[in-house]
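The chain contents come next:
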Amino acid sequence: MGFEKKIVIIGETRGCKIHHVTYELTSKAAELAGKINAEVVTLVCGHEIEKGDLERLFKTGAHRAVVVDSPELVLVNDDHYLRDIADFIKSEKPDMALAGATPFGRALVPKLAITIDAGLTADCTELGIEEGTGLLLQTRPAFGGNLMATIKTPEKRPQMSTVRPKVFKINETYGNPVNIVKKDHIPGKSRIKMLQTVKDLEQVINIAEADIIVSGGRGLGSKENFALIFELASKLNAAVGASRAAVDAGWIAYSHQVGQTGTTVSPKLYIAVGISGMIQHQVGMKSADCIVAINKDPDAPIFNIADFGIVGDLFDIVPKLSKIME
Amino acid sequence: MKKVIVFIKQVPDTSELKIDPVTNTMIREGVPSIINPFDMYAIEEAVRIKEKWGDTEVTVITMGPPQADAALREAISMGCDNAVLLSDRKFAASDTWATSYVLSKAVGKIGEYDVLLAGKQATDGDTAQVGPGIATWLGIPCITYVNNIEEIKPGYVKLHRMHDEGYDVIEIEGKFLLTVLKELNEPRIASFRGKMNAKKAEIPVWTAEDIGADPAKIGFMGSPTRVVKAFSPPVKQGGIKISAEEDPSVPEKLKSYLREKLII
């Protein structure tokens with residue numbers, strides 16, 4: 001093969017499926033690999049992963065997929081995952097390792113960084129290769145997106161990043177030959193007991209990864225009025241978000257909260273309804289491609305960042321929007 | 001005596017952040033410092049554990065410049081018993097790897113403990129890496145994104161870990177570190193007595209030497225990662241703004257705007 005370097009993707013699975021961030025990172029790695037003549041290896045830990053999902057890795061740029069299969073990997077027990085991933089990295093000695101900045105990656109990879117003595121940059125939104133050195137340039141937001149920093153890891157290997165989902169596009173045009181290798185799961189004790197996973201039925205579409213989010217704030221005035229938000233969201237196939245004020249008032253669960261003490265989102269479209277848009281809210285959503293604001297106060301700060309602002313009564317406008325959006 | 005240790009960070013108050021309109025960079029001067037918002041929930045949880053267990057001491061730790069003393073005093077005013085400030089020029093420019101090493105060495109100096117707590121992430125760096133890092137240095141399990149603690153006693157916890165499709169129910173036996181979310185509790189307002197305690201507390205300052213830190217693992221030289229450059233992202237500007245009263249066709253206009261932009 002004659003590869004000079006190696007990039008590993010630490011894959012993520014949900015049940016029998018591979019998470020989309022794994023394909024996004026495989027495609028991005030394939031693009032970077034072209035510049036430094038690197039092999040792209042995607043590691044998939046889980047149980048009974050669908051064959052079609054594994055084969056898709058080669059369309060999206062992987063040269064090799066390594067599969068660790070065990071019933072112990074059905075629920076995400078960090079102790080079990082960490083053993084398999086650390087062993088894999090130690091034996092493969094890649095130059096770079098990428099994982100999704102999902103709850104899975106953000107919990108696991110910082111532990112991996114200490115375990116294998118490597119540097120790690122969190123939540124990257126851009127990756128590149130430095131001219132001359134071939135080092136990985138990792139760009140990430142800090143201060144809630146008010147500052148961007150580019151970071152590199154000069155010496156320790158692998159150079160590791162977690163990368164936000166939906167930042168990179170999946171490219172299915174690679175068509176590499178299927179090359180799946182099995183690796184044994186390393187059994188061992190765990191100090192953590194996973195009792196069960198409970199699905200949040202209210203949160204049909206997860207806000208961290210949604211393309212469209214309709215968010216409600218204080219202006220809704222009550223829990224019942226959140227129905228307006230849910231209705232518009234369902235018409236747009238969108239996730240439902242909320243401001244801190246709405247969450248603190250008990251109108252909607254915390255998992256919907258967008259902003260500094262909630263979730264940071266970057267959808268294609270963010271519709272803020274009855275949200276004034278204090279900076280704590282803005283840091284969680286201002287990287288959205290398009291922001292729509294509906295608020296009765298023409299001086300609300302949300303209008304300073306809205307691409308399309310509507311000054312008016314949300315109780316009049318939102319039902320009209322729901323009616324015409326199909 | 002049982003022991004809970006809380007890790008906090010002093011951060012600039014984001015709500016006071018301003019962007020210089022000429023250079024388009026963040027103005028840090030004159031921005032007040034606060035305890036990282038997520039850490040407030042860790043402090044509150046530690047104090048609640050103490051109240052529940054009795055005979056428990058809560059120690060709050062931060063690494064930072066001498067002025068981080070103020071953040072520790074605020075934590076004491078909320079009910080923490082004592083505090084340690086890790087401050088040394090040698091710690092400067094530590095990345096998350098080196099910072100978690102320093103904090104784990106401080107735990108080593110303290111010795112015995114039952115529970116370690118931290119906020120989910122700090123609002124300046126936003127990395128969420130230091131908590132899991134400390135636990136790994138210490139060789140204990142860490143659960144991140146904790147939004148509900150069903151039961152906690154020395155050497156045991158049953159909790160909920162939030163993830164993007166719901167939550168996991170997890171049980172741990174032994175020592176552990178948890179990083180917590182806002183949903184866990186409602187931080188209290190400092191009492192008068194707490195404020196008095198904060199005022200008179202003697203807060204020791206520990207240096208790299210005090211905690212026996214390996215000089216090769218701390219500060220700039222001990223950090224695997226390097227910041228190459230920092231820059232401001234493009235400033236987002238407001239665009240179209242229409243009054244619905246003056247223009248009743250605004251819902252249709254929005255729909256065609258979104259169609260044009262190929263968003264829907």
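Residue numbers restart at each chain and count upward from 1, following the sequence in its written direction. To read the labels, note that chains go from A and ligands from 1, taken in the order they are written. It should be noted that, the model being predicted, local features are given only for residues of pLDDT at least 70 and side-chain atom pairs only at 80 or more, the latter also being counted only at that level, while totals for whole chains, interfaces and linings use all residues. In computing side-chain properties, one takes all heavy atoms of the structure into account and sets aside hydrogens as well as water.

## Some thoughts on the overall build of chain B
Turning to step 1, where the next piece is worked out: Only DSSP runs of H or I reaching four residues or more are called helices, and only runs of E reaching two or more are called strands; each is numbered from the N terminus. Scanning chain B from terminus to terminus reveals seven helices and 15 strands.
Turning to step 2, where the next piece is worked out: Only protein chains enter the accessibility calculation, which uses a 1.4 Å probe; a residue is then buried when its area is under 20% of its type maximum, exposed when over 50%, and partly exposed in between. Across the 264 residues in chain B, those meeting the buried criterion constitute 55%.
Turning to step 3, where the next piece is worked out: Counted over contacts in chain B with a minimum sequence separation of 6, partners at least 24 positions apart contribute 71%.
Turning to step 4, where the next piece is worked out: Surface accessibility follows the Shrake-Rupley procedure with a 1.4 Å probe radius. Residue values consider only the protein chains on display as shielding. Per element, the accessible surface of chain B, about 11900 Å² overall, is 52% carbon and sulfur.
Turning to step 5, where the next piece is worked out: Think of it this way: Lys and Arg go in the positive column, Asp and Glu in the negative one, and His and the chain ends go nowhere. To locate a charge, take NZ of a lysine, CZ of an arginine, CG of an aspartate or CD of a glutamate. Taken together, the 33 basic and 37 acidic charged side chains of chain B have centroids lying 2 Å from each other. Contacts are assigned to residue pairs that have any heavy atoms within 4.5 Å of one another.

## Overview of the sheet that holds strand E9 (residues 136–142) of chain A
Turning to step 1, where the next piece is worked out: DSSP-based pairing: two strands are paired if at least 2 bridges between them are found. Ordered in space as E8(A)-E9(A)-E10(A)-E14(B), the four strands form an open sheet in which the pairing is antiparallel. Only two strands of the sheet have a single partner each, and these edge strands are strand E8 (126–129) of chain A together with strand E14 (226–231) of chain B. Across the sheet, the mean angle from the axis of one strand to that of its neighbour is 25°, orientation sign disregarded.
Turning to step 2, where the next piece is worked out: Here an angle of 0 to 180 degrees is reported between the N-to-C directions of two axes, which are lines fitted to C-alpha atoms, with helices fitted over the stretch in contact. Across the face of the sheet, helix H1 (residues 20–36) of chain A comes into contact with E8 and E9 of chain A while running at roughly 15° to E8(A).

## Quick word on the domain arrangement of chain A
Turning to step 1, where the next piece is worked out: Reported domain spans reflect what an automatic or database domain assignment gives. In terms of domain boundaries, chain A breaks down into domain 1 (5–183) and domain 2 (212–324).
Turning to step 2, where the next piece is worked out: If you average the C-alpha positions of domain 1 of chain A and of domain 2 of chain A, the two centres end up 33 Å apart.

## Re the interface of chain B and chain A
Turning to step 1, where the next piece is worked out: Each partner contributes residues to the interface: chain B has 80 residues there, and chain A has 87 residues.
Turning to step 2, where the next piece is worked out: Joining two parts hides part of their accessible area as seen by a 1.4 Å probe, and the buried area is that hidden amount summed over both. Buried area between chain B and chain A, summed over both chains or domains, comes out near 7200 Å², and the portion from carbon and sulfur atoms is 61%.
Turning to step 3, where the next piece is worked out: The largest share of the area that chain B buries against chain A comes from Asp164(B), Lys182(B) and Lys236(B), three residues that together contribute 10% of it.
Turning to step 4, where the next piece is worked out: Here, a salt bridge means any side-chain nitrogen of Lys or Arg that lies within 4 Å of a carboxyl oxygen of Asp or Glu. Along the contact surface separating chain B from chain A lie five salt bridges.

## Considering helix H3 (residues 78–92) of chain A
All names here are of chain A.
Turning to step 1, where the next piece is worked out: Helices are assigned an expected span. That span is 1.5 Å times one less than the residue count. Look at H3: 20 Å from first C-alpha to last across 15 residues, which is about the 21 Å you get at 1.5 Å a residue.
Turning to step 2, where the next piece is worked out: Of all 15 residues making up H3, eleven are buried, and the element is well covered by its neighbours.
Turning to step 3, where the next piece is worked out: Along H3, the positions that sit buried rather than exposed are Asp78, Asp79, His80, Tyr81, Leu82, Asp84, Ile85, Ala86, Phe88, Ile89 and Glu92.
Turning to step 4, where the next piece is worked out: Structurally, the start of H3 carries an N-cap: the backbone nitrogen of Asp79 is 2.9 Å from a side-chain oxygen of Asn77.
Turning to step 5, where the next piece is worked out: A positive backbone phi angle near 50° is found at Lys93, which sits one or two residues after H3. Within 3.5 Å is the distance limit for a polar contact, defined as a pair of N or O atoms, with the added protein rule that one can donate a hydrogen and the other accept it, and that residues adjacent in sequence qualify only through two side-chain atoms.

## With respect to the pairing of strand E16 (residues 269–273) of chain A
Residues and elements named next belong to chain A.
Turning to step 1, where the next piece is worked out: Of all five residues making up E16, five are buried, and the element is well covered by its neighbours.
Turning to step 2, where the next piece is worked out: Relative to E16, strand E14 (residues 212–216) is paired through five bridges, and the arrangement is parallel. By the bridge assignment for E16, Gly216 is matched with Val273.

## A short note on the sheet that holds strand E15 (residues 239–242) of chain A
Turning to step 1, where the next piece is worked out: The strand order across the open sheet built from six strands is E15(A)-E14(A)-E16(A)-E17(A)-E18(A)-E15(B), with neighbouring strands paired in parallel fashion. The open sheet has two free edges, formed respectively by E15 of chain A together with strand E15 (240–243) of chain B, since each of these has just one partner strand. Shown here is a sheet whose adjacent strand axes are inclined to one another by a mean of 15°, direction ignored.
Turning to step 2, where the next piece is worked out: The sheet contact formed by E14(A) and E15(A) spans four bridges and is parallel. Residue Ser215(A) lies in a different strand from E15(A), and its bridge partner there is Gly241(A).
Turning to step 3, where the next piece is worked out: Those strands touched by helix H8 (residues 314–324) of chain A are E16, strand E17 (290–295) and strand E18 (308–311) of chain A, and its axis lies near 135° from that of E17(A).
Turning to step 4, where the next piece is worked out: Relative to E18(A), helix H7 (residues 250–260) of chain B is tilted by about 170°, and along the sheet it contacts E16, E17 and E18 of chain A together with E15 of chain B.

## Notes on the environment of Phe143(A)
Turning to step 1, where the next piece is worked out: One can find Phe143(A) in the loop between E9 and strand E10 (147–152).
Turning to step 2, where the next piece is worked out: Linking Phe143(A) and Val283(A), residues 140 residues apart in sequence, is a C-alpha distance of 8.0 Å.

## So, the packing of aromatic side chains
All names here are of chain A.
Turning to step 1, where the next piece is worked out: What counts as a ring pair is set by centres within 6.5 Å for rings of Phe, Tyr and Trp (its six-membered ring), and what kind of pair is set by the plane angle: stacked under 30 degrees, edge-to-face over 60, tilted for all other angles. One pass over the structure, following the stated rule, counts five aromatic pairs over all chains.
Turning to step 2, where the next piece is worked out: Taking 5.5 Å as the distance between ring centres and 80° as the angle between the ring planes, the aromatic pair formed by Tyr81 and Phe104 counts as edge-to-face. Linking Tyr81 in helix H3 with Phe104 in helix H4 (residues 103–115), this pair joins segments that are 23 residues apart in sequence.
Turning to step 3, where the next piece is worked out: Residue class for Tyr81 comes out buried when judged on its relative accessible area of 2%.
Turning to step 4, where the next piece is worked out: Accessibility expressed as a relative area gives 11% for Phe104, which makes it buried.

## Remarks on the pairing of E17(A)
All names here are of chain A.
Turning to step 1, where the next piece is worked out: The element E17 is largely enclosed, with a buried count of six among its six residues.
Turning to step 2, where the next piece is worked out: Relative to E17, E16 runs parallel, the two being bridged by five bridges. Bridging across to E17, Tyr270 finds its partner in Ile291.
Turning to step 3, where the next piece is worked out: Bridge analysis of E17 against E18 gives four bridges, and the strand direction is parallel. Directly across from Ala293, in E18, lies its bridge partner Gly309.

## Side note on unusual backbone geometry
All names here are of chain A.
Turning to step 1, where the next piece is worked out: The omega angle of the peptide bond from Arg157 to Pro158 is -5°, so this bond is cis rather than trans.
Turning to step 2, where the next piece is worked out: One can find Pro158 in the loop between E10 and strand E11 (159–163).
Turning to step 3, where the next piece is worked out: You will see that Asp117, though not glycine, has its phi angle at about 60°, which is positive.
Turning to step 4, where the next piece is worked out: For Asp117, a relative accessible area of 35% translates into the label partly exposed.

## Quick look at the packing of H4(A) against helix H4 (residues 130–138) of chain B
In helix packing, the relevant descriptors are the interaxial angle and the interaxial distance, both defined with respect to the helix axes.
Turning to step 1, where the next piece is worked out: Their axes nearest at 8 Å, the elements H4(A) and H4(B) cross at an angle of 45°. With respect to H4(B), the axis of H4(A) lies oblique. Of the two possible hands of crossing, H4(A) and H4(B) adopt the one that is right-handed. Counted together, Arg106(A), Ala107(A), Pro110(A), Lys111(A), Ile114(A) and Thr115(A) of H4(A) and Pro132(B), Gly133(B), Thr136(B) and Trp137(B) of H4(B) form the full contact between these two elements.
Turning to step 2, where the next piece is worked out: Residues are grouped as follows: Ala, Val, Leu, Ile, Met, Phe, Trp, Tyr, Cys and Pro are nonpolar; Asp, Glu, Lys and Arg are charged; every other residue, Gly included, is polar. Of the residues belonging to the contact of H4(A) with H4(B), the class tally is five nonpolar, three polar and two charged. Oblique is the label for every angle not falling under 35 degrees (roughly parallel), over 145 degrees (roughly antiparallel), or within 65 to 115 degrees (roughly perpendicular). Handedness of a crossing is defined here by the sense of rotation of the near helix relative to the far one, left-handed for an anticlockwise turn of less than a right angle and right-handed for a clockwise turn.

## Overview of the pattern of salt bridges
Turning to step 1, where the next piece is worked out: Considering all chains together, one arrives at 38 salt bridges over all chains under this definition.
Turning to step 2, where the next piece is worked out: As a salt-bridge pair, Asp117(A) and Lys156(A) come within 2.8 Å of each other at their nearest N and O atoms. In this pair, Asp117(A) is assigned in the loop between H4 and strand E7 (120–124) and Lys156(A) in the loop between E10 and E11, connecting sequence segments 39 residues apart.
Turning to step 3, where the next piece is worked out: Since its relative accessible area comes to 25%, Lys156(A) is described here as partly exposed.
Turning to step 4, where the next piece is worked out: With a closest N to O distance of 2.9 Å, Glu44(B) and Arg188(B) form a salt bridge. Pair noted here: Glu44(B) is in helix H1 (residues 37–53) and Arg188(B) is in the loop between strand E12 (176–180) and helix H5 (192–200), with a separation of 144 residues, a long-range link.
Turning to step 5, where the next piece is worked out: Each of Lys6(A), Glu39(A), Arg64(A) and Glu92(A) takes part in one network of salt bridges that share partners.

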